[in-house]
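Given next are the chains, with one letter for each unit.
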Amino acid sequence: MRLYWEQPYASEFEALVVRAWSEGGKHYAVLDQTLFYPAAGGQACDTGTLNDIAVLEVREDGKAKGNIIHVLAGPLQPGARVQGRLDWAGRYRRMQRHTAEHILAQAFWRAAGWETLAVNMSSPVCTIDFSGEPDEAIIRQGEALANWAVYANAPVRAFLVDEGEIGNYPLRRAPKVAGQIRVVEIEGWDRVACGGTHLARTGEAGPIKVMKYERYKGGTRVYFMAGWEALETFSAEHALLTRLGEKFSSSILELEKPIANMRDEWYRVRSENTALKDELAERIMRELLAEFPSLTIQAQVPNSVLDMVGKRLAEWPSVLALLVAQAEDKVRYVLLKHPNRSEDLHTIWEQVLKPLGARGGGALVKLGVLPLAALYPALEAFKQHTAGS
(Lines give C-alpha, C1' and ligand atoms only; values in the text may rest on other atoms or scores of the structure.)
Protein backbone atom coordinates (compact mmCIF):
# COMPACT_ATOMS: atom_id res chain seq x y z
CA MET A 1 0.00 0.00 0.00
CA ARG A 2 1.27 3.44 -0.97
CA LEU A 3 0.73 5.33 2.25
CA TYR A 4 2.47 8.37 0.80
CA TRP A 5 -0.60 8.93 -1.40
CA GLU A 6 -3.06 8.73 1.47
CA GLN A 7 -0.95 10.38 4.17
CA PRO A 8 1.57 12.72 2.52
CA TYR A 9 2.05 14.66 5.77
CA ALA A 10 2.80 11.58 7.91
CA SER A 11 6.42 10.91 8.84
CA GLU A 12 6.21 7.62 10.79
CA PHE A 13 4.54 4.28 10.09
CA GLU A 14 4.60 0.58 10.91
CA ALA A 15 4.83 -2.16 8.29
CA LEU A 16 5.47 -5.85 7.68
CA VAL A 17 8.52 -6.98 5.71
CA VAL A 18 7.06 -9.02 2.83
CA ARG A 19 10.38 -9.74 1.11
CA ALA A 20 13.99 -9.09 2.06
CA TRP A 21 17.23 -10.06 0.38
CA SER A 22 20.88 -9.05 -0.02
CA GLU A 23 22.74 -8.88 -3.28
CA GLY A 24 26.05 -7.40 -4.39
CA GLY A 25 26.75 -5.95 -0.97
CA LYS A 26 23.39 -4.15 -0.85
CA HIS A 27 20.26 -4.94 1.14
CA TYR A 28 16.68 -4.74 -0.10
CA ALA A 29 13.19 -4.92 1.38
CA VAL A 30 9.58 -4.83 0.16
CA LEU A 31 6.94 -3.86 2.75
CA ASP A 32 3.19 -4.41 2.88
CA GLN A 33 2.81 -0.62 3.09
CA THR A 34 5.18 2.34 3.00
CA LEU A 35 5.40 6.10 3.36
CA PHE A 36 8.64 6.15 1.36
CA TYR A 37 8.12 7.68 -2.07
CA PRO A 38 10.20 6.06 -4.86
CA ALA A 39 12.13 8.18 -7.34
CA ALA A 40 9.70 8.84 -10.20
CA GLY A 41 8.26 11.61 -12.34
CA GLY A 42 11.26 13.86 -11.84
CA GLN A 43 10.87 13.75 -8.04
CA ALA A 44 13.68 12.35 -5.88
CA CYS A 45 12.93 9.49 -3.49
CA ASP A 46 12.40 9.83 0.24
CA THR A 47 15.07 8.80 2.73
CA GLY A 48 14.93 7.90 6.40
CA THR A 49 15.13 4.70 8.45
CA LEU A 50 13.48 1.31 8.91
CA ASN A 51 14.13 0.05 12.46
CA ASP A 52 16.97 2.59 12.61
CA ILE A 53 18.56 1.13 9.45
CA ALA A 54 19.18 3.87 6.92
CA VAL A 55 17.01 3.84 3.79
CA LEU A 56 19.48 4.86 1.09
CA GLU A 57 17.25 4.71 -1.96
CA VAL A 58 13.66 3.88 -2.84
CA ARG A 59 12.61 2.69 -6.27
CA GLU A 60 9.75 1.01 -8.07
CA ASP A 61 10.03 -2.15 -10.15
CA GLY A 62 7.15 -1.12 -12.44
CA LYS A 63 5.77 2.29 -13.39
CA ALA A 64 3.05 3.22 -10.86
CA LYS A 65 2.06 -0.45 -10.47
CA GLY A 66 5.06 -2.43 -9.17
CA ASN A 67 6.53 -3.11 -5.77
CA ILE A 68 8.26 -0.36 -3.83
CA ILE A 69 11.83 -1.53 -3.18
CA HIS A 70 13.75 -0.03 -0.25
CA VAL A 71 17.54 -0.10 -0.56
CA LEU A 72 19.01 -0.33 2.94
CA ALA A 73 22.31 0.11 4.73
CA GLY A 74 21.75 -3.20 6.56
CA PRO A 75 19.61 -6.34 6.29
CA LEU A 76 16.03 -6.91 7.48
CA GLN A 77 14.35 -10.27 8.04
CA PRO A 78 11.25 -11.36 6.09
CA GLY A 79 8.18 -11.34 8.33
CA ALA A 80 9.61 -8.75 10.71
CA ARG A 81 7.59 -5.75 11.88
CA VAL A 82 9.40 -2.48 11.25
CA GLN A 83 9.04 1.11 12.34
CA GLY A 84 9.64 3.55 9.50
CA ARG A 85 10.69 7.16 9.89
CA LEU A 86 11.01 9.64 7.04
CA ASP A 87 13.45 12.48 6.76
CA TRP A 88 10.50 14.83 7.07
CA ALA A 89 12.38 18.03 6.22
CA GLY A 90 13.48 16.48 2.94
CA ARG A 91 10.00 15.13 2.16
CA TYR A 92 8.34 18.49 2.78
CA ARG A 93 10.80 20.30 0.55
CA ARG A 94 10.21 17.80 -2.24
CA MET A 95 6.45 18.35 -1.83
CA GLN A 96 7.05 22.08 -2.16
CA ARG A 97 9.13 21.57 -5.31
CA HIS A 98 6.57 19.27 -6.91
CA THR A 99 3.54 21.40 -6.14
CA ALA A 100 5.44 24.47 -7.37
CA GLU A 101 6.25 22.62 -10.59
CA HIS A 102 2.52 22.05 -11.23
CA ILE A 103 1.77 25.70 -10.45
CA LEU A 104 4.55 27.01 -12.69
CA ALA A 105 3.78 24.65 -15.57
CA GLN A 106 0.19 25.86 -15.62
CA ALA A 107 1.35 29.47 -15.34
CA PHE A 108 3.44 29.20 -18.51
CA TRP A 109 0.61 27.42 -20.29
CA ARG A 110 -1.63 30.37 -19.45
CA ALA A 111 1.01 32.98 -20.23
CA ALA A 112 2.05 31.67 -23.65
CA GLY A 113 0.63 28.22 -24.33
CA TRP A 114 3.96 26.57 -23.48
CA GLU A 115 3.71 22.81 -23.10
CA THR A 116 5.71 21.00 -20.43
CA LEU A 117 8.12 18.51 -22.04
CA ALA A 118 10.23 17.32 -19.10
CA VAL A 119 10.84 18.09 -15.44
CA ASN A 120 13.60 17.47 -12.92
CA MET A 121 13.05 18.15 -9.21
CA SER A 122 15.91 16.09 -7.79
CA SER A 123 17.77 19.11 -6.37
CA PRO A 124 16.81 22.47 -4.82
CA VAL A 125 17.17 24.17 -8.20
CA CYS A 126 14.56 22.40 -10.33
CA THR A 127 14.04 22.54 -14.06
CA ILE A 128 11.10 22.46 -16.44
CA ASP A 129 11.63 22.10 -20.18
CA PHE A 130 9.00 23.97 -22.20
CA SER A 131 8.08 23.95 -25.87
CA GLY A 132 8.22 27.72 -26.41
CA GLU A 133 11.07 29.96 -27.51
CA PRO A 134 12.90 31.88 -24.74
CA ASP A 135 11.25 35.22 -24.03
CA GLU A 136 12.01 37.47 -21.06
CA ALA A 137 8.49 38.94 -20.95
CA ILE A 138 6.89 35.49 -20.88
CA ILE A 139 9.28 34.36 -18.13
CA ARG A 140 8.36 37.33 -15.95
CA GLN A 141 4.64 36.89 -16.64
CA GLY A 142 4.76 33.15 -15.87
CA GLU A 143 6.59 33.76 -12.60
CA ALA A 144 4.06 36.40 -11.57
CA LEU A 145 1.09 34.16 -12.40
CA ALA A 146 2.62 31.30 -10.42
CA ASN A 147 2.98 33.45 -7.33
CA TRP A 148 -0.59 34.75 -7.67
CA ALA A 149 -1.62 31.10 -7.57
CA VAL A 150 0.44 30.74 -4.38
CA TYR A 151 -1.29 33.78 -2.83
CA ALA A 152 -4.68 32.29 -3.72
CA ASN A 153 -3.86 29.42 -1.32
CA ALA A 154 -6.02 27.07 -3.39
CA PRO A 155 -6.63 23.53 -2.12
CA VAL A 156 -4.74 20.66 -3.75
CA ARG A 157 -6.38 17.23 -3.97
CA ALA A 158 -5.61 13.89 -5.59
CA PHE A 159 -8.05 11.24 -6.79
CA LEU A 160 -8.13 8.11 -8.96
CA VAL A 161 -9.94 7.97 -12.28
CA ASP A 162 -10.54 4.93 -14.50
CA GLU A 163 -8.82 5.17 -17.87
CA GLY A 164 -12.16 5.09 -19.66
CA GLU A 165 -13.42 8.09 -17.70
CA ILE A 166 -10.32 10.26 -17.99
CA GLY A 167 -11.86 12.17 -20.92
CA ASN A 168 -14.26 13.74 -18.43
CA TYR A 169 -11.31 15.42 -16.71
CA PRO A 170 -9.42 17.78 -19.03
CA LEU A 171 -5.74 17.46 -18.20
CA ARG A 172 -2.78 19.77 -18.90
CA ARG A 173 -0.73 16.79 -20.14
CA ALA A 174 -1.85 13.41 -21.47
CA PRO A 175 -1.35 10.62 -18.89
CA LYS A 176 1.59 8.24 -19.33
CA VAL A 177 -0.03 5.30 -17.53
CA ALA A 178 -3.08 3.12 -18.18
CA GLY A 179 -5.74 1.59 -15.94
CA GLN A 180 -6.53 3.67 -12.89
CA ILE A 181 -4.96 7.10 -13.26
CA ARG A 182 -4.10 9.33 -10.32
CA VAL A 183 -5.05 12.94 -10.97
CA VAL A 184 -3.72 15.88 -8.96
CA GLU A 185 -5.92 18.96 -9.07
CA ILE A 186 -5.21 22.48 -7.88
CA GLU A 187 -8.66 23.92 -7.49
CA GLY A 188 -9.42 26.48 -10.18
CA TRP A 189 -5.87 26.33 -11.54
CA ASP A 190 -4.45 23.02 -12.78
CA ARG A 191 -5.27 19.37 -13.30
CA VAL A 192 -2.74 16.73 -14.38
CA ALA A 193 -2.02 13.01 -14.03
CA CYS A 194 0.69 12.58 -11.39
CA GLY A 195 1.91 10.00 -8.88
CA GLY A 196 3.96 12.35 -6.72
CA THR A 197 3.52 13.82 -3.26
CA HIS A 198 2.01 17.28 -2.97
CA LEU A 199 1.03 19.94 -0.49
CA ALA A 200 -2.48 20.49 0.83
CA ARG A 201 -2.69 24.09 -0.41
CA THR A 202 -0.76 26.22 -2.89
CA GLY A 203 0.19 28.78 -0.23
CA GLU A 204 2.69 26.29 1.21
CA ALA A 205 4.67 26.20 -2.08
CA GLY A 206 5.73 29.83 -2.07
CA PRO A 207 7.65 31.76 -2.87
CA ILE A 208 8.30 30.46 -6.38
CA LYS A 209 11.31 32.08 -8.01
CA VAL A 210 12.65 31.62 -11.55
CA MET A 211 16.43 31.60 -11.15
CA LYS A 212 17.35 31.64 -14.84
CA TYR A 213 16.28 30.34 -18.22
CA GLU A 214 18.03 29.25 -21.40
CA ARG A 215 17.39 27.92 -24.87
CA TYR A 216 17.28 24.11 -24.75
CA LYS A 217 16.55 21.65 -27.56
CA GLY A 218 14.51 24.16 -29.53
CA GLY A 219 12.52 25.27 -26.50
CA THR A 220 13.18 26.84 -23.11
CA ARG A 221 14.58 25.34 -19.92
CA VAL A 222 13.42 27.21 -16.82
CA TYR A 223 15.32 26.86 -13.55
CA PHE A 224 13.29 27.57 -10.42
CA MET A 225 13.29 27.28 -6.64
CA ALA A 226 10.36 27.11 -4.28
CA GLY A 227 9.33 27.19 -0.64
CA TRP A 228 11.90 26.99 2.12
CA GLU A 229 14.73 26.40 -0.36
CA ALA A 230 13.90 29.60 -2.24
CA LEU A 231 13.65 31.54 1.02
CA GLU A 232 16.95 30.15 2.32
CA THR A 233 18.70 31.02 -0.94
CA PHE A 234 17.25 34.53 -0.89
CA SER A 235 18.39 34.98 2.71
CA ALA A 236 21.93 33.79 1.93
CA GLU A 237 22.19 35.97 -1.17
CA HIS A 238 20.76 38.99 0.66
CA ALA A 239 23.28 38.53 3.48
CA LEU A 240 26.11 38.37 0.93
CA LEU A 241 24.89 41.49 -0.87
CA THR A 242 24.54 43.29 2.45
CA ARG A 243 28.17 42.50 3.33
CA LEU A 244 29.30 43.67 -0.10
CA GLY A 245 27.24 46.83 0.29
CA GLU A 246 29.01 47.57 3.56
CA LYS A 247 32.43 47.05 1.96
CA PHE A 248 31.56 49.36 -0.95
CA SER A 249 29.57 51.85 1.15
CA SER A 250 26.62 51.27 -1.14
CA SER A 251 23.05 50.04 -0.96
CA ILE A 252 22.66 46.53 -2.35
CA LEU A 253 20.56 47.76 -5.28
CA GLU A 254 23.35 50.14 -6.33
CA LEU A 255 26.27 47.70 -6.04
CA GLU A 256 26.73 47.34 -9.79
CA LYS A 257 28.32 50.78 -10.11
CA PRO A 258 31.17 50.39 -7.57
CA ILE A 259 31.80 46.83 -8.75
CA ALA A 260 31.97 48.03 -12.37
CA ASN A 261 34.38 50.78 -11.30
CA MET A 262 36.57 48.24 -9.51
CA ARG A 263 36.50 45.96 -12.55
CA ASP A 264 37.53 48.79 -14.86
CA GLU A 265 40.35 49.73 -12.49
CA TRP A 266 41.48 46.10 -12.35
CA TYR A 267 41.62 45.89 -16.15
CA ARG A 268 43.63 49.14 -16.23
CA VAL A 269 46.10 47.91 -13.59
CA ARG A 270 46.41 44.54 -15.29
CA SER A 271 47.22 46.24 -18.58
CA GLU A 272 49.84 48.41 -16.88
CA ASN A 273 51.28 45.38 -15.11
CA THR A 274 51.57 43.47 -18.38
CA ALA A 275 53.37 46.39 -19.98
CA LEU A 276 55.77 46.66 -17.04
CA LYS A 277 56.49 42.92 -17.13
CA ASP A 278 57.17 43.13 -20.87
CA GLU A 279 59.62 45.94 -20.20
CA LEU A 280 61.30 44.03 -17.36
CA ALA A 281 61.55 40.82 -19.41
CA GLU A 282 63.15 42.70 -22.29
CA ARG A 283 65.67 44.35 -19.97
CA ILE A 284 66.55 41.04 -18.27
CA MET A 285 67.04 39.34 -21.64
CA ARG A 286 69.41 42.11 -22.80
CA GLU A 287 71.39 41.91 -19.56
CA LEU A 288 71.72 38.10 -19.85
CA LEU A 289 72.91 38.35 -23.45
CA ALA A 290 75.54 40.84 -22.34
CA GLU A 291 76.56 38.76 -19.30
CA PHE A 292 76.92 35.51 -21.28
CA PRO A 293 78.61 36.34 -24.60
CA SER A 294 78.88 32.62 -25.39
CA LEU A 295 75.05 32.61 -25.41
CA THR A 296 75.04 29.55 -23.11
CA ILE A 297 73.11 31.02 -20.20
CA GLN A 298 72.23 29.83 -16.72
CA ALA A 299 70.39 32.31 -14.50
CA GLN A 300 67.78 32.91 -11.83
CA VAL A 301 65.06 35.36 -12.88
CA PRO A 302 61.84 36.65 -11.20
CA ASN A 303 59.03 34.13 -11.34
CA SER A 304 56.63 36.73 -12.74
CA VAL A 305 58.61 37.05 -15.97
CA LEU A 306 60.20 33.58 -16.27
CA ASP A 307 58.09 32.55 -19.25
CA MET A 308 58.41 35.92 -20.98
CA VAL A 309 62.21 35.94 -20.69
CA GLY A 310 62.35 32.34 -21.84
CA LYS A 311 60.25 33.06 -24.90
CA ARG A 312 62.47 35.95 -25.92
CA LEU A 313 65.71 33.98 -25.45
CA ALA A 314 64.38 31.01 -27.42
CA GLU A 315 63.99 33.31 -30.41
CA TRP A 316 67.56 34.67 -30.14
CA PRO A 317 69.99 32.88 -32.51
CA SER A 318 72.55 30.54 -30.92
CA VAL A 319 71.10 30.68 -27.40
CA LEU A 320 71.08 27.67 -25.04
CA ALA A 321 69.71 28.52 -21.60
CA LEU A 322 68.48 27.23 -18.28
CA LEU A 323 66.35 29.76 -16.41
CA VAL A 324 65.06 29.10 -12.89
CA ALA A 325 62.71 31.04 -10.62
CA GLN A 326 61.59 30.49 -7.04
CA ALA A 327 57.82 30.03 -6.79
CA GLU A 328 56.84 29.70 -3.12
CA ASP A 329 58.02 26.24 -2.00
CA LYS A 330 59.33 25.04 -5.36
CA VAL A 331 61.48 26.07 -8.31
CA ARG A 332 60.12 26.57 -11.80
CA TYR A 333 62.49 26.07 -14.69
CA VAL A 334 62.68 26.68 -18.43
CA LEU A 335 65.24 24.76 -20.48
CA LEU A 336 65.44 26.16 -24.02
CA LYS A 337 67.56 26.62 -27.11
CA HIS A 338 67.43 28.28 -30.49
CA PRO A 339 66.97 25.76 -33.35
CA ASN A 340 70.50 26.45 -34.67
CA ARG A 341 72.07 24.98 -31.50
CA SER A 342 73.03 21.32 -31.89
CA GLU A 343 72.59 20.24 -28.26
CA ASP A 344 69.76 17.83 -27.41
CA LEU A 345 67.49 19.30 -24.71
CA HIS A 346 66.20 15.91 -23.64
CA THR A 347 69.74 14.65 -23.02
CA ILE A 348 70.51 17.73 -20.93
CA TRP A 349 67.28 17.26 -18.97
CA GLU A 350 68.05 13.59 -18.33
CA GLN A 351 71.64 14.20 -17.21
CA VAL A 352 71.31 17.54 -15.41
CA LEU A 353 67.77 18.14 -14.13
CA LYS A 354 66.21 14.71 -13.69
CA PRO A 355 68.80 13.57 -11.07
CA LEU A 356 67.85 16.66 -9.03
CA GLY A 357 64.15 15.66 -8.95
CA ALA A 358 62.88 17.61 -11.93
CA ARG A 359 59.35 17.07 -13.18
CA GLY A 360 57.96 18.33 -16.47
CA GLY A 361 58.71 17.98 -20.13
CA GLY A 362 58.36 19.37 -23.61
CA ALA A 363 60.06 19.05 -26.97
CA LEU A 364 61.18 22.44 -28.27
CA VAL A 365 61.20 23.95 -24.76
CA LYS A 366 61.20 21.98 -21.51
CA LEU A 367 59.11 23.38 -18.65
CA GLY A 368 58.62 22.03 -15.16
CA VAL A 369 59.46 22.22 -11.47
CA LEU A 370 62.33 21.28 -9.18
CA PRO A 371 62.56 20.95 -5.39
CA LEU A 372 63.41 24.26 -3.76
CA ALA A 373 66.79 22.95 -2.58
CA ALA A 374 67.77 22.19 -6.18
CA LEU A 375 67.75 25.81 -7.38
CA TYR A 376 71.48 26.53 -7.17
CA PRO A 377 72.63 22.93 -7.80
CA ALA A 378 70.65 22.94 -11.05
CA LEU A 379 72.37 26.08 -12.27
CA GLU A 380 75.81 24.71 -11.33
CA ALA A 381 75.14 21.31 -12.91
CA PHE A 382 74.00 22.98 -16.15
CA LYS A 383 77.14 25.15 -16.13
CA GLN A 384 79.39 22.12 -15.68
CA HIS A 385 77.54 20.11 -18.34
CA THR A 386 77.78 22.86 -20.93
CA ALA A 387 81.31 24.01 -20.14
CA GLY A 388 83.05 24.73 -23.39
CA SER A 389 79.82 25.03 -25.36
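Residues numbered from 1 in each chain as written. Predicted model: local features only at pLDDT ≥ 70, side-chain atom pairs only at ≥ 80, totals over all residues. Heavy atoms only, no water.

### Details of the sheet that holds strand β10 (residues 180-186)
Taken together, three strands build an open sheet; the order of strands is β9-β10-β11 and the sheet is antiparallel. The strands lining the two open edges of the sheet, one partner per strand, are β9 (156-162) and β11 (190-193). Going from strand to strand, the sheet's axes swing by 25 degrees on average, the running direction of each strand aside. As judged from the seven bridges shared by β9 and β10, these two strands associate in the antiparallel manner. Paired with Val 161 across the strands is Ile 181, a residue of β10. (Pairing = 2+ DSSP bridges. Helix = DSSP H or I, 4+ residues; strand = E, 2+ residues; numbered from the N terminus. Axes fitted to C-alpha atoms, helices over the stretch in contact; angles between N-to-C directions.)

### Re a nonpolar patch on the surface
Judged by side-chain polarity, Trp 228, Leu 231 and Phe 234 come together as a nonpolar surface patch covering roughly 330 Å² of accessible area. On the secondary structure map, Leu 231 appears in helix α4 (residues 227-248). Taking relative accessible area as the criterion, Leu 231 reaches 37% and is therefore assigned partly exposed. (Patch = residues over 30% accessible without salt bridge, like charges linked within 9 Å, V, L, I, M, F, W, Y side chains within 5 Å. Areas by Shrake-Rupley, 256 points an atom, 1.4 Å probe, with all protein chains shown as cover. Salt bridge = Lys/Arg side-chain N within 4 Å of Asp/Glu carboxyl O. Buried < 20%, exposed > 50% of the residue type's maximum accessible area, 1.4 Å probe, protein only.)

### Description of the pattern of salt bridges
All chains considered together, the criterion is met by 25 salt bridges. Here Glu 185 ties to Arg 157 by a salt bridge, and the two come within 2.8 Å at their closest N and O atoms. Linking Glu 185 in strand β10 with Arg 157 in strand β9, this pair joins segments that are 28 residues apart in sequence. We classify Arg 157 as partly exposed; its relative accessible area is 46%. Note that Glu 282 and Arg 312 form a salt bridge whose closest N and O atoms lie 2.9 Å from each other. Taken as a pair, Glu 282 in helix α5 (residues 256-291) and Arg 312 in helix α6 (residues 306-314) lie far apart in primary sequence, 30 residues in all. On the basis of relative accessible area, Glu 282 is assigned to the partly exposed category, the value being 29%.

### Thoughts on helix α2 (residues 88-112)
Between its first and last C-alpha atoms α2 spans 36 Å; for 25 residues at 1.5 Å apiece the expected length is 36 Å, and the two agree. Just past α2, the residue Gly 113 takes up positive phi, approximately 70 degrees. (Expected span 1.5 Å × (residues − 1).)

### Here's the deal with the layout of surface pockets
Rolling a probe over the atoms, with the probe sized like a water molecule, indicates the empty space that remains. In this structure, the largest pocket spans a volume of roughly 940 Å³. Around the largest pocket, the lining is made up of 44 residues, and of these Arg 182, Ala 193, Cys 194, Gly 195 and Gly 196 lie nearest the centre. Looking at the lining of the largest pocket, the elements with two or more residues in it are α1 (3-6), α2, β7 (116-120), β9, β10 and β11. Element by element, the count of residues in the lining of the largest pocket is highest for β9, at five residues. Split by residue class, the lining of the largest pocket holds 25 nonpolar, eight polar and eleven charged. (1 Å grid on protein atoms, 1.4 Å probe; cavity = no way out; pocket = protein on both sides within 12 Å on 5 of 7 lines; lining within 4 Å. Points joined across faces, edges and corners; volume = space filled by probe spheres on them. Nonpolar A, V, L, I, M, F, W, Y, C, P; charged D, E, K, R; others polar.)

### A word on the sheet that holds strand β6 (residues 81-86)
By way of backbone hydrogen bonds, the strands of a sheet pair with one another, either parallel or antiparallel. Strand order in the closed barrel formed by six strands is β1-β2-β5-β4-β3-β6, with antiparallel pairing between adjacent strands. Going from strand to strand, the sheet's axes swing by 45 degrees on average, the running direction of each strand aside. Across five bridges, strand β1 (residues 12-23) lies against β6 in antiparallel orientation. The residue bridging Ala 15 from the neighbouring strand is Val 82, located in β6.

### Topic: the packing of helix α7 (residues 345-353) against helix α8 (residues 375-385)
Packing of α7 against α8 leaves a shortest axis separation of 10 Å and a crossing angle of 125 degrees. Judged on the interaxial angle alone, α8 and α7 are oblique. Crossing handedness for the pair α7 and α8: right-handed. Contacts between α7 and α8 involve Ile 348, Gln 351, Val 352 and Leu 353 from the former and Ala 378, Ala 381, Phe 382 and His 385 from the latter. Residue composition of the contact of α7 with α8, grouped by class: six nonpolar, two polar and no charged. (Parallel < 35°, antiparallel > 145°, perpendicular 65-115°, else oblique. Left-handed = near helix turned anticlockwise from the far one by under 90°. Contact = heavy atoms within 4.5 Å.)

### Side note on the environment of Leu 117
In this fold, Leu 117 is placed in strand β7. It is 21 Å that separates the C-alpha atoms of Leu 117 and Ala 144, two residues lying 27 residues apart in sequence.

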